[in-house]
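Descriptive structure summary
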Amino acid sequence: MSLDLIELLPGDWRERLDPLLDPIATAALGAFVGEEYEKRTVYPPREDLFNAFRHCPFDKARVLILGQDPYHGEGQAHGLSFSVRDGVRLPPSLRNIYKELAADLDVPASKAGDLTPWADQGVLLLNAVLTVRASEAGSHANKGWEDFTDAAIRALNDKSERVVFVLWGAYARKKARLITGVQHTVIESAHPSPLSAKKFFGTRPFSAVNKALADAGQPEIDWRLP
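Given the structure is predicted, the values throughout are model-derived calculations rather than measurements.

Considerations on the UniProt feature "domain: Uracil-DNA glycosylase-like" (unreviewed entry) in the chain
In this structure's numbering, the residues bearing the UniProt feature "domain: Uracil-DNA glycosylase-like" (unreviewed entry) are residues 54-213. The span residues 54-213 carries 32% helix and 14% strand; its end-to-end C-alpha distance comes to 22 Å.

With respect to the nonpolar core
Core analysis: the largest hydrophobic core is formed by 71 residues, its most contacted members being Trp13, Leu17, Phe53, Trp118, Trp145 and Phe148. A per-element tally of this core places helix α7 (residues 145-157) first, with seven residues. Leaving out residues up to four positions away in the same chain, Leu17 has contacts with Leu9, Phe53, Phe148, Ala151, Ala152 and Ala155.

Re the sheet that holds strand β5 (residues 164-168)
The strand order across the open sheet built from four strands is β3-β2-β5-β6, with neighbouring strands paired in parallel fashion. At either end of the open sheet lies a strand with only one pairing partner, and these are β3 (123-127) and β6 (185-189). Along the sheet, successive strands turn relative to each other by an average axial angle of 20 degrees, direction set aside.

Some thoughts on the side chain of Asp114
The residue Asp114 is located in the loop between α5 (92-105) and α6 (116-119) in this model. It is Arg85 that comes nearest to the buried, bridge-free Asp114 among opposite-charge side chains, at 4.8 Å. At 2.5 Å, the side chain of Asp114 and the side chain of Thr116 are in polar contact. Those residues in contact with Asp114 that sit more than four places away from it in its chain are His78, Leu80, Ser83, Val84, Asp86 and Leu225.

Calculation rules
- Residues numbered from 1 in each chain as written.
- Predicted model: local features only at pLDDT ≥ 70, side-chain atom pairs only at ≥ 80, totals over all residues.
- Heavy atoms only, no water.
- UniProt positions renumbered as here; feature names shortened; annotations may be inferred.
- Helix = DSSP H or I, 4+ residues; strand = E, 2+ residues; numbered from the N terminus.
- Core = buried A, V, L, I, M, F, W, Y, C linked by side-chain atoms within 4.5 Å.
- Buried < 20%, exposed > 50% of the residue type's maximum accessible area, 1.4 Å probe, protein only.
- Contact = heavy atoms within 4.5 Å.
- Pairing = 2+ DSSP bridges.
- Axes fitted to C-alpha atoms, helices over the stretch in contact; angles between N-to-C directions.
- Lys, Arg positive; Asp, Glu negative; His and termini not counted.
- Salt bridge = Lys/Arg side-chain N within 4 Å of Asp/Glu carboxyl O.
- Polar contact = N/O pair within 3.5 Å; in protein donor to acceptor, adjacent residues only side chain to side chain.

This is the structure:
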């Protein structure tokens with residue numbers, strides 16, 4: 001069963017993304033994703049597919065934290081990059097994010113992994129690829145999601161007010177080419193994965209985000225979590 005991805009988007013995001021997307025490519029992506037959900041175990045659950053957009057309305061989006069692929073373990077992915085449901089063991093990258101947050105802003109590490117409170121403050125927690133087969137990292141890469149989520153980045157780039165783009169790791173940093181507005185701020189560093197965490201630690205991205213927002217007259221993000 002094909003999914004109409006444009007219709008599944010919240011209305012405000014649909015209005016911005018639809019003109020930026022190729023309808024034939026988007027329909028092909030919807031057909032692929034719909035068949036995958038029907039025949040295989042796919043994460044996040046279908047009802048969580050567009051949680052990033054649902055929790056972060058376009059007009060309120062002030063920060064983008066870009067991930068690559070959803071978590072591919074059972075019960076982990078729920079539509080927000082780097083986030084897991086409460087009660088799920090913290091993945092290594094998220095543990096390292098918490099360590100850097102504690103070092104940067106003296107925010108105690110949360111035992112919970114749900115980053116929804118960040119999303120609700122205007123942090124778009126977006127993965128470049130929005131679905132994945134169970135236990136098969138990267139299995140839905142190069143199927144069309146990249147163009148879909150690039151459109152979201154382009155839409156944010158078109159905003160007249162400042163958006164802070166946080167790009168961790170080589171994959172995310174390639175997206176800097178899409179960010180052309182001089183009003184925006186781009187924060188780049190190594191990925192928080194254990195493979196590159198030594199270069200991630202000490203980059204102080206959270207205070208940098210808040211400074212960029214404050215400099216533009218916007219409220220800072222309260223990074224504290226329950």
